[in-house]
Amino acid sequence: MGPGDVILTTPFTFIATAEVISVIGAKPAFVDVDPRTFNIDPNRLDEEISRIKKEGREKIRGIIPVDLFGLPADYEAIRSIASRHDLFILEDAAQALGATYKGKKAGALGDVGATSFFPSKPLGCYGDGGAVFTDHDSLAETMRSIRVHGQGKNKYDNVRVGLNARLDTLQAAVLLQKLPRLENEIVRRNEAAARYSAGLSEIVTVPSVPPGSTSAWAQYSILTDHREKLQNHLKEAGIPMAIYYPKPLHMQEAYRQLGLGAGRFPVAEELSRNIVSLPMHPYLTKDQQDFIIEKVKKALC
Ligand SMILES: *Cc1c(COP(=O)(O)O)cnc(C)c1O
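Residues numbered from 1 in each chain as written. Predicted model: local features only at pLDDT ≥ 70, side-chain atom pairs only at ≥ 80, totals over all residues. Heavy atoms only, no water.

Draft legend 1. Layout of a nonpolar patch on the surface. A surface patch of nonpolar side chains, about 310 Å² in accessible area, is lined by Met1, Val23 and Ile24. Inspection of the secondary structure assignment puts Ile24 in the loop between helix H1 (16-23) and strand E2 (27-30). (Patch = residues over 30% accessible without salt bridge, like charges linked within 9 Å, V, L, I, M, F, W, Y side chains within 5 Å. Areas by Shrake-Rupley, 256 points an atom, 1.4 Å probe, with all protein chains shown as cover. Salt bridge = Lys/Arg side-chain N within 4 Å of Asp/Glu carboxyl O. Helix = DSSP H or I, 4+ residues; strand = E, 2+ residues; numbered from the N terminus.)

Draft legend 2. Region of interest: the site of the ligand. For the ligand, the full set of nearby residues is Thr13, Phe14, Ala16, Thr17, Val66, Asp92, Ala94, Gln95, Ser116, Lys121 and Gly129. Between the ligand and the protein, one listed contact pairs an oxygen atom with a side-chain N or O atom of Lys121 at 2.6 Å. With the chains in place, 75% of the 390 Å² that the ligand exposes on its own is no longer accessible. Residues of the shell around the ligand, tallied by class, amount to 4 nonpolar, 5 polar and 2 charged. (Near = heavy atom within 4 Å. Polar contact = N/O pair within 3.5 Å; in protein donor to acceptor, adjacent residues only side chain to side chain. Nonpolar A, V, L, I, M, F, W, Y, C, P; charged D, E, K, R; others polar.)

Draft legend 3. Spatial organisation of the pairing of strand E3 (residues 59-64). In this structure, strand E1 (residues 5-9) lies alongside E3, joined through 5 bridges in parallel fashion. If you follow Ile7 over to E3, its bridge partner there is Gly62. Taken together, the 2 bridges between E3 and strand E4 (residues 88-92) define a ladder with parallel strand orientation. When the sheet's bridge partners are listed, Ile63 is paired in E4 with Ile89. With respect to chirality, the unit in which E3 leads through helix H3 (residues 75-85) into the neighbouring parallel E4 is right-handed. (Pairing = 2+ DSSP bridges. Right-handed = clockwise from strand over helix to strand, strands pointing away.)

Draft legend 4. Focus on the sheet that holds strand E6 (residues 104-105). Pairing in this open sheet of 3 strands is antiparallel, and the strands run E6-E5-E9 from one edge to the other. Of all the strands in the sheet, the pair left with one neighbour each is E6 and strand E9 (213-214). In the sheet, strand E5 (residues 100-101) pairs with E9 via 2 bridges, with the strands oriented antiparallel. Residue pairing in the sheet places Tyr101 in a bridge with Ser213 of E9.

Draft legend 5. Main features of the packing of aromatic side chains. Summed over the entire model, instances satisfying the criterion amount to 8 aromatic pairs. Residues Phe30 and Tyr255 carry aromatic rings whose centres are separated by 5.9 Å and whose planes lie at 75 degrees to one another, so their mutual orientation is edge-to-face. With a gap of 225 residues between them, Phe30 in strand E2 and Tyr255 in the loop between helix H6 (227-236) and helix H7 (266-274) connect regions that are remote in the sequence. When its relative accessible area of 2% is taken as the criterion, Phe30 is described as buried. Assessed through its relative accessible area of 5%, Tyr255 is described here as buried. Residues Phe30 and Phe265 carry aromatic rings whose centres are separated by 6.4 Å and whose planes lie at 85 degrees to one another, so their mutual orientation is edge-to-face. Taken together, the residues Phe30 in strand E2 and Phe265 in the loop between H6 and H7 connect sequence positions 235 residues apart. Just as Phe30 is buried, Phe265 falls in that class too. An aromatic cluster is present here, built from Phe12, Tyr244 and Tyr245 joined pairwise through their rings. (Phe/Tyr/Trp six-rings, centres within 6.5 Å; stacked < 30°, edge-to-face > 60°. Buried < 20%, exposed > 50% of the residue type's maximum accessible area, 1.4 Å probe, protein only.)

Nothing here speaks to function; it is geometry throughout.
Here it is as structure tokens:
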């Protein structure tokens, strides 16, 4: 893939999702998200494909759905669209390791899945790391080769131009210790999310998890029309919070040349104004959460 090719993705994500498209010379085409799941909206995906095909100038090659905050995108709907148009699906599971969709694990929901082991992810190492998943044998072989500078069957036999994309040995050692704990940590994240939702659903919009899906809860993100007030109160109480993401990708300077800009993806833009992520990790205690819930209530009631 390269110039003239288009890959569809969401504007409500971390820049890395779109970066991989631009880095190979292809063009990202953004598709607005579902206001409840924050993930790419399959209906709008279909519309955008029709629009690009009608224009007929570029070739659409694939879709990169993101499992945002740990919740898998709607792969059944995405798969049916992808098959109809002969597109690949690359799952951005950077935030979703440990989540499930209709009985399958995140990372296994596209043709290829990619995840990140950056410390803020559900399975974090102590620096940078990541992994890709696929069950296509030939793709796996190609990816193994690219990982070590395009190596062929033998060392110093280079069959393609590749990368240094090895997982650092020290980070692998950390991950080997943490991987067996992941399943239990996901259970604990789910318990923490349930406690937040029980305490907050009356005063803010709490995250919704569609039937058939489970989230890895990389983030627990609420929506409120009074974000600034909430931010100030939480800061005063010493409660850390974060905004993912304050600016959708189509409004970033880096993508100005796409000529999109404000008003183009209203759902993503509205979310970027109203969203707040509360502290979330597997070792939050009930007391800590009660304290946070009380402070949120105090700020907004
Ligand atoms: C963290 C993240 C990435 C990239 O991870 P790196 O390890 O920094 O390459 C990609 N996509 C999403 C949605 C992420 O949250």
